[in-house]
Amino acid sequence: QAYNCLIHFYKRSSEVTIMPNIKVFSGSSHPDLAQKICDRLGINHANVVAQKFANGETNVEIGESVRGEDVYIVQSGCGEVNDNLMELLIMINACKIASAERVTAVIPVYPYSRQDKKDKSRAPISAKLVANMLSVAGADHIITMDLHASQIQGFFDIPVDNLYAEPAVVKWIKENIPEWKTAIVVSPDAGGAKRVTSIADRLNIDFALIHKERKIANEVASMVLVGDAKGKVAILIDDMADTCGTIVQAAQKLVEDGATKIYAILTHGIFSGEAIARINNSSFEAVVVTNTIPQDKNMMDCSKIQVIDVSMMFAEAVRRTHNGESVSYLFENVPY
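A brief structural summary. (Residues numbered from 1 in each chain as written. Predicted model: local features only at pLDDT ≥ 70, side-chain atom pairs only at ≥ 80, totals over all residues. Heavy atoms only, no water.)

## Observations regarding empty space enclosed by the protein
Item 1. Tallied over the entire structure, the rule returns two cavities of 30 Å³ or more.
Item 2. What the largest cavity holds in volume is close to 50 Å³.
Item 3. Gln75, Ser76, Gly77, Val81, Asn84, Leu85, Leu88, Ile107, Val109 and Pro111 are the residues that line the largest cavity.
Item 4. Grouping the amino acids of the lining of the largest cavity by side-chain chemistry returns six nonpolar, four polar and no charged. (1 Å grid on protein atoms, 1.4 Å probe; cavity = no way out; pocket = protein on both sides within 12 Å on 5 of 7 lines; lining within 4 Å. Points joined across faces, edges and corners; volume = space filled by probe spheres on them. Nonpolar A, V, L, I, M, F, W, Y, C, P; charged D, E, K, R; others polar.)

The following block contains the structure:
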């Protein structure tokens, strides 16, 4: 009878949506995403105040007990990157020394991810330095999205869940591009070829790539299209767009080669410097980004920018991690 009672209790408790022993904190880089994650999980986000002293030092006050709790800190590597990274490290450390059971850093955009190898003499590998800093601060687990290079996961000795925007991108293409079955997916550089071939396989359509030669960083010299885009809708896909020089030039190259319409789909829309002006003057039908970085201002400045919401992917990753379930479902599917 006691055994039946226990089963009955477990059934009852599993129906309750409130998640015990979980706290989700938001850094100051992207409070909107943190709020969406909390709404999806059906919890309130935990109380924290982050402010700066007069001399620019960051001060963090955790406003509630985290002893024995499963803590998630949402902080994206965008905007004031260095300040936000420092704030994340301080928040992780504050939770850790306040006896949190486990601290997970949810970092939609991994900072310094492009500095991941020694591409020239005396170059730093800053992505590895950031990994060391997160580990030393006390992070037990990292959840991120579309790392610039997947090998960055190997810079850590703690588990890293690198989520993919790909399922959400495939869904967007099928719903918003009527001619997708005859389209071609294009990688603006050789580095993104694997990402593009994966999407082309899922959609069962052709792919092409653009070979570019750089003379100096952030400036592209010449481009060659490998593949045929004549008379097709071209979908440019990349993991991030910073100054947008590459994708705008790639779009120009596709127009010259006879593409009828051009879309760009980018996981992280950093859009620094002249990026917005370049997109406004370009031949794109739409530039689609995810909300791993706040895009409200960019959408007001540029009507071509559209946003795919990926908060449900992070929320589901948090929920599955908290409950000790597998996260691999999210590599292929979009949770609804």
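## A few points about the pattern of salt bridges
Item 1. Tallying each qualifying case throughout the model produces 19 salt bridges.
Item 2. One salt bridge connects lysine 23 with glutamate 69, and the closest N-O pair in it is separated by 3.6 Å. Placement of lysine 23 in strand E1 (residues 22-26) and of glutamate 69 in the loop between strand E3 (58-62) and strand E4 (70-74) is noted, with a sequence separation of 46 residues between them.
Item 3. Assessed through its relative accessible area of 14%, glutamate 69 is described here as buried.
Item 4. Between lysine 36 and aspartate 32 there is a salt bridge, with the nearest N and O atoms lying 3.0 Å from each other. One end of the pair, lysine 36, and the other, aspartate 32, are both in helix H2 (residues 31-41), four residues apart, so they sit about a helical turn from each other.
Item 5. In this structure lysine 36 comes out as partly exposed when scored by relative accessible area, which is 30%.
Item 6. Residue classification places aspartate 32 among the partly exposed positions, given a relative accessible area of 36%.
Item 7. Here the salt bridges do not stand alone but share partners, grouping Glu316, Arg319, Arg320 and Glu325 into one network. (Salt bridge = Lys/Arg side-chain N within 4 Å of Asp/Glu carboxyl O. Helix = DSSP H or I, 4+ residues; strand = E, 2+ residues; numbered from the N terminus. Buried < 20%, exposed > 50% of the residue type's maximum accessible area, 1.4 Å probe, protein only.)

## Focus: the packing of helix H5 (residues 166-176) against helix H6 (residues 193-203)
Item 1. In the contact formed by H5 and H6, the axes pass within 11 Å of each other and the chain directions differ by 50 degrees. Relative to H6, the element H5 is oriented oblique. The handedness of the crossing between H5 and H6 comes out as right-handed. Residue-level inspection shows Glu166, Pro167, Val169, Val170, Ile173 and Lys174 of H5 in contact with H6, the latter providing Arg195, Ser198, Ile199, Arg202 and Leu203.
Item 2. Looking at the contact of H5 with H6 residue by residue, the class counts come to six nonpolar, one polar and four charged. (Axes fitted to C-alpha atoms, helices over the stretch in contact; angles between N-to-C directions. Parallel < 35°, antiparallel > 145°, perpendicular 65-115°, else oblique. Left-handed = near helix turned anticlockwise from the far one by under 90°. Contact = heavy atoms within 4.5 Å.)

## Description of the pairing of E4
Item 1. Burial analysis of E4 places five of its five residues in the buried class, which makes it a mostly covered element.
Item 2. Burial along E4 is two-sided: Asp70, Tyr72 and Val74 facing one way and Val71 and Ile73 facing the other are all buried.
Item 3. Pairing analysis gives five bridges linking E1 to E4, with the strands arranged parallel. Counted as the bridge partner of phenylalanine 25 is isoleucine 73 from E4.
Item 4. In the sheet, E4 pairs with strand E5 (residues 102-107) via five bridges, with the strands oriented parallel. Paired with tyrosine 72 across the two strands is threonine 104, which belongs to E5.
Item 5. As a crossover connection, the stretch from E4 through helix H3 (residues 81-97) into E5 is right-handed. (Pairing = 2+ DSSP bridges. Right-handed = clockwise from strand over helix to strand, strands pointing away.)

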